[in-house]
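Spelled out from the first residue to the last, the chains are:
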There are 2 protein chains.
Amino acid sequence: MPSPSTDDMSPAEFRDAAARLTEWAAHYLETVEQRRVGHAVVPGLVRSALPTELPADGASFEVMLGEVERVLMPGVTHWNHPGFMAYFPSSGSGPGVLGEYMTALLNQQAMLWSTSPAASELEDVVLTWLCQLLGLPPQFEGVCHEGGSASNLHAMVAALAATVPEFRARGLAGRGSLPRPCVYASSHAHASIAKAVVLLGMGDEALRTVPVDDQFRMRPADLAARMAADRRAGWLPVAVVATVGTTSTGSVDPVAAVVQVCAAERVWCHVDASYGGAAALVSDCATLFDGVASADSIVVNPHKWLFTPVDLSVFYCRRLDVLRELLHVSPEYLAGGDPPGVRNVKDAGMALGRRFRALKLWMVLRYFGAAGLQTRIAAHLALAQELAAWVDADPGFERLAPVSLSVVCFRAVPNHLRLEDNALDDFNAELLRRVNADGHTLLSSTRLRGCLALRVAIGHVRTSDRHVARAWESIRASADALLREYQAAGWRR
Amino acid sequence: MPSPSTDDMSPAEFRDAAARLTEWAAHYLETVEQRRVGHAVVPGLVRSALPTELPADGASFEVMLGEVERVLMPGVTHWNHPGFMAYFPSSGSGPGVLGEYMTALLNQQAMLWSTSPAASELEDVVLTWLCQLLGLPPQFEGVCHEGGSASNLHAMVAALAATVPEFRARGLAGRGSLPRPCVYASSHAHASIAKAVVLLGMGDEALRTVPVDDQFRMRPADLAARMAADRRAGWLPVAVVATVGTTSTGSVDPVAAVVQVCAAERVWCHVDASYGGAAALVSDCATLFDGVASADSIVVNPHKWLFTPVDLSVFYCRRLDVLRELLHVSPEYLAGGDPPGVRNVKDAGMALGRRFRALKLWMVLRYFGAAGLQTRIAAHLALAQELAAWVDADPGFERLAPVSLSVVCFRAVPNHLRLEDNALDDFNAELLRRVNADGHTLLSSTRLRGCLALRVAIGHVRTSDRHVARAWESIRASADALLREYQAAGWRR
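The following refers to the structure shown.

Parameters and conventions
- Residues numbered from 1 in each chain as written.
- Chains lettered and ligands numbered in written order.
- Predicted model: local features only at pLDDT ≥ 70, side-chain atom pairs only at ≥ 80, totals over all residues.
- Heavy atoms only, no water.
- Helix = DSSP H or I, 4+ residues; strand = E, 2+ residues; numbered from the N terminus.
- Rg over C-alpha atoms; globule rule 2.2 N^0.38 Å.
- Buried < 20%, exposed > 50% of the residue type's maximum accessible area, 1.4 Å probe, protein only.
- Areas by Shrake-Rupley, 256 points an atom, 1.4 Å probe, with all protein chains shown as cover.
- Lys, Arg positive; Asp, Glu negative; His and termini not counted.
- Charge placed at Lys NZ, Arg CZ, Asp CG, Glu CD.
- Salt bridge = Lys/Arg side-chain N within 4 Å of Asp/Glu carboxyl O.
- Contact = heavy atoms within 4.5 Å.
- Buried area = accessible area lost by both parts, 1.4 Å probe.
- Polar contact = N/O pair within 3.5 Å; in protein donor to acceptor, adjacent residues only side chain to side chain.
- Nonpolar A, V, L, I, M, F, W, Y, C, P; charged D, E, K, R; others polar.
- Pairing = 2+ DSSP bridges.
- Axes fitted to C-alpha atoms, helices over the stretch in contact; angles between N-to-C directions.
- Least-squares fit on C-alpha atoms with pLDDT ≥ 70 in both.
- Expected span 1.5 Å × (residues − 1).

## Here's the deal with the overall build of chain A
- A tally of regular secondary structure across chain A gives 15 helices and 11 strands.
- Expected size for 493 residues packed as a compact globule is a radius of gyration near 23 Å; at 25 Å, chain A falls within 12% of this value.
- With respect to the three principal axes, the spread of C-alpha positions in chain A is 75 × 70 × 45 Å.
- Residues counted as buried form 66% of the 493 residues belonging to chain A.
- For chain A, the accessible surface area stands at approximately 15900 Å², while carbon and sulfur atoms represent 51% of it.
- Taking the average place of the 45 positive charges on the side chains of chain A and the average place of its 51 negative ones, the gap between the two points comes to 5 Å.

## Observations regarding the pattern of salt bridges
- Inspection of the entire model under this criterion finds 68 salt bridges over all chains.
- One salt bridge in this structure joins B:Arg47 and A:Asp124, with 2.6 Å as the shortest N-O distance. Taken together, the residues B:Arg47 in helix H2 (residues 45-48) and A:Asp124 in helix H5 (residues 117-133) connect one chain to another.
- Note on A:Asp124: relative accessible area 18%, which makes it buried.
- Across the pair B:Arg170 and A:Glu205 runs a salt bridge, and its minimum N-O distance is 3.6 Å. With one member in each of two chains, B:Arg170 in helix H7 (residues 167-170) and A:Glu205 in the loop between helix H8 (191-199) and strand E3 (207-210) form a pair that bridges those chains.
- Here the salt bridges do not stand alone but share partners, grouping A:Glu100, A:Glu146, A:Asp311, A:Arg355, A:Arg357, A:Lys360, B:Glu100, B:Glu146, B:Asp311, B:Arg355, B:Arg357 and B:Lys360 into one network.

## Some thoughts on the interface of chain A and chain B
- Contacts between chain A and chain B engage 161 residues on the former and 161 residues on the latter.
- Counting each side, the surface lost to burial between chain A and chain B is near 14500 Å², with a carbon and sulfur contribution of 64%.
- Among the residues of chain A in contact with chain B, A:Leu54, A:Tyr333 and A:Tyr367 are the three that bury the most area, contributing 6% of the side total.
- Counting the contacts that link chain A with chain B gives 20 salt bridges.
- Residue B:Arg357 pairs with A:Asp311 through a salt bridge whose shortest N-O separation is 3.2 Å.
- At the junction of chain A with chain B, the criterion picks out 76 residue pairs in polar contact (both at pLDDT 80 or more).
- Broken down by element, the side of chain A that touches chain B gets its largest block of residues, 17 residues, from helix H1 (residues 11-31) of chain A.
- A breakdown of the residues in the side of chain A that touches chain B according to their chemical character gives 91 nonpolar, 40 polar and 30 charged.

## Details of the sheet that holds strand E11 (residues 451-457) of chain A
Residues and elements named next belong to chain A.
- Reading across from one edge, E8-E9-E11-E10 is the order of the 4 strands in this open sheet, with antiparallel pairing throughout. Strands at the two margins of the open sheet, each flanked by one partner only, are strand E8 (397-399) and strand E10 (444-448). Going across the sheet, the axis of each strand differs from the next one's by a mean of 40 degrees, ignoring polarity.
- Pairing between E8 and strand E9 (residues 407-412): 3 bridges, direction antiparallel.

## Details of the relation of the copies chain A and chain B
- Superposing chain A onto chain B takes a rotation of 180 degrees plus a shift of 0.0 Å along the axis, which leaves an RMSD of 0.0 Å. Interpreted geometrically, this transformation is the action of a two-fold axis.
- Residue by residue, 100% of the interface of chain A is reproduced at the interface of chain B, so both copies engage with the same surface.

## What about the sheet that holds strand E9 (residues 407-412) of chain B?
All names here are of chain B.
- Taken together, the 4 strands give an open sheet; going across it, the order is E8-E9-E11-E10, and neighbouring strands pair in antiparallel fashion. Each edge of the sheet is formed by a strand with only one pairing partner; in this case those strands are strand E8 (397-399) and strand E10 (444-448). When strand polarity is set aside, the average angle formed by the axes of neighbouring strands in this sheet is 40 degrees.
- Here helix H13 (residues 357-393) sits on the sheet in contact with E8, E9 and strand E11 (451-457), set at roughly 135 degrees to E8.
- Sheet contacts for helix H15 (residues 465-488): E8 and E9; angle to E8, the most-contacted strand, approximately 130 degrees.

## As for H1(A)
- Over its 21 residues, H1(A) runs 30 Å from end to end, which matches the ideal 30 Å to within 8%, given 1.5 Å per residue.
- Here H1(A) has its buried residues at A:Phe14, A:Ala17, A:Ala18, A:Leu21, A:Thr22, A:Trp24, A:Ala25, A:Ala26, A:Tyr28, A:Leu29 and A:Thr31.
- Buried residues in H1(A) make contact with helix H3 (61-72) and helix H4 (94-106) of chain A together with helix H1 (11-31) and helix H4 (94-106) of chain B.

## Describing unusual backbone geometry
All names here are of chain A.
- Between Val310 and the following residue, Asp311, the backbone shows a cis peptide bond with an omega angle of 5 degrees.
- In this fold, Asp311 is placed in the loop between helix H11 (302-305) and strand E7 (313-317).
- Although it is not a glycine, Arg266 adopts a positive phi angle of roughly 55 degrees.
- Here Arg266 is to be found in the loop between helix H10 (255-265) and strand E5 (268-272).

Shown next, in the form of structure tokens:
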């Protein structure tokens, strides 16, 4: 029981509780594959099992662990299960988990260099390592953010600050009838771009959606044409977002061509490689990254495909001083905290307080090593190709997008059922439901050219060939069973 | 050593490594008071001890722990030391650390309800508990954010969305010569308000700094007068930020009066109680919170004075639908993920992906219990009053601000030295340096009415009377020693 005094949990009690949690955690990792990947609750079940107000008396950690097991665990969707292939992967890898544990213990807050020289300098070091691993030139300076949405927001505001005269002083509201800024992204760009445009006061009318080609890649000619038309119509193009690894299919925009358009038009080129960036570690993928090194800013999320628990996104920028000039503050309560000349990044972004996110990334990079990371990412790329080959070899399925990285999109096409498109969507929606219900695999979906697509995203550190094989087996078996039901029902449902 | 395979650290290896880390962590907690609070490095020392690129081969956790001890620990500023009284407190409390450990292990990503019902519903439950503890009515809906800067940004954008017609579509840039929005905060408001105003495209010309009274509280009459003058000059007031617990002194703006002005003017009233909010748990402080329950939005940071490791800020809003309407996105790759009617908060803020921050808050609240939290915060308030009384009783010191919460600002006034103000500042700056150099206490400073003030902020969960007494003893002894040096040097330096 917690002491009734004014103190923290004692170190001795902490030692016992942490040992108990470690046993629980190791058991979780040993047995997670025996759990169903998906959660096992209906809406409201978790809430209803908890009291409506906080009890006055505290509880022991043992009691709390029991409540976690009984109340929370049924409501956990097991992102840390090797069969989790929905959305994008995220791994609570061993070294990543230990990194977070240590981060919380040391509880560094790196707003100034002096409030944590370790956090400030380690962030600089590991983001430099990652910059090298990604094949980027040293002109890119990195900053850790919470997620890709935050990183993309900072890219967009940097573009505004670099392009709109007197942006710090007058913003967008003080421009009267001067040209309104606009931003370009493909129809497959991430939704956070749309959010950023609204948050930053551009209005969603300012977002230009550039069409994609038959491989879901931005068409640079359409980009250039649209930009020219916008200029004629009195708009001020400020940024283009090229995506390396779109969310729906993992497609890769032709960054080199986009960079050329941006250079000619003096527009900020931002590369959203939140998911896809990790593939830059694998030399076979080099051509996908052509031009990326010439962008103005790039986002890569280690909490996606670099085995780091959420949250950690890295924003790389060639011109971070644009943000520093925009966002610097120097309140009296921080004055004099730092010796002159040290790097602190409190002015390079929205946040003042910053947790020691670099520690877990350091642990992950250091534990696996550069070669170990490359091997793992290459393995995921190969698994995705293998799954794509299985899909292609099966006449009951069709692939709906190229596999550029580790996302595979396809659908069942029980063509002899002569289903219309709507009915095919229903068939595949039900197929998805059944695959997810069997508990070994969790997939998500998207829509491509109007069709519902099953979507398999590979990249969890513990996902291996047998997990992908099992997923495919489950998909085929579920499709077969569903087909038989359709046939028994006279091909109607 | 990590396996050369494509797998994660094995569960057995994890068990060993975590046990090793737990032993290290418990030892840290047992001995942290024997460490100097401040770091022990010069700029560049941490960086120079690390390789310039990531080694190809991985390292064992044992090797990494050795590197942490040798390379990082000298660069750690010990925020988790009970003698840390600089800036604002933040506690890596036992239950908070264990909560983060479990959060990383389960690695929940709560963008949709279904991607973690446990995280989605627990967030709702614990923020409801906290809402009750803070004495707020149930109309306030809470969302977890990274920090106070993010929460304040969301408050400001909500105010824009609520006030500026067609804000989602046209933003601020599409308003031509219509009135420009402006925001009001006292001269003692947090710097994140200024950042938010710039980030959101209002331009820093849009920030109105309202004067404070002799207790560093916003003057409501000046607020009303300034707002009227701005309207006459063609501006559009959108928000007022009242602070409960300013950063420099912990002063509390007269929220009830500010709320009245806002209501009359139909302007969004935001209360920044990032630090001070915790005091609402203590009934003696009730009058400080008069009017807060009538605000439109409130931010409280459990990672400050509620014993939760960084990062976790809570944004409470009466009208969260304003943000949902502004920021909702519905990309195809998320469609169909949730059953109808569930609460998810991906559209109530900037972030799509959201880590399971509520788990550590639940652990902290549950472990200490409501009464335990109240006892601890009341103790900190009492310690601050005690320190203030010591300062007041000592003719060699003068207090520079009232102690509304747990921040005490004062300076040494060796008056018989007949020092001019500049020289007094030098004396106090040197005093601060010496107190911090002795290693038992870490203080920060601010400037009040042009004078350098030493600033003691109490609120770490393990800070007790003996730590505050030791801090005061150190301050007095250092001042005495410095005074003798001044006298020996003929009262000149």
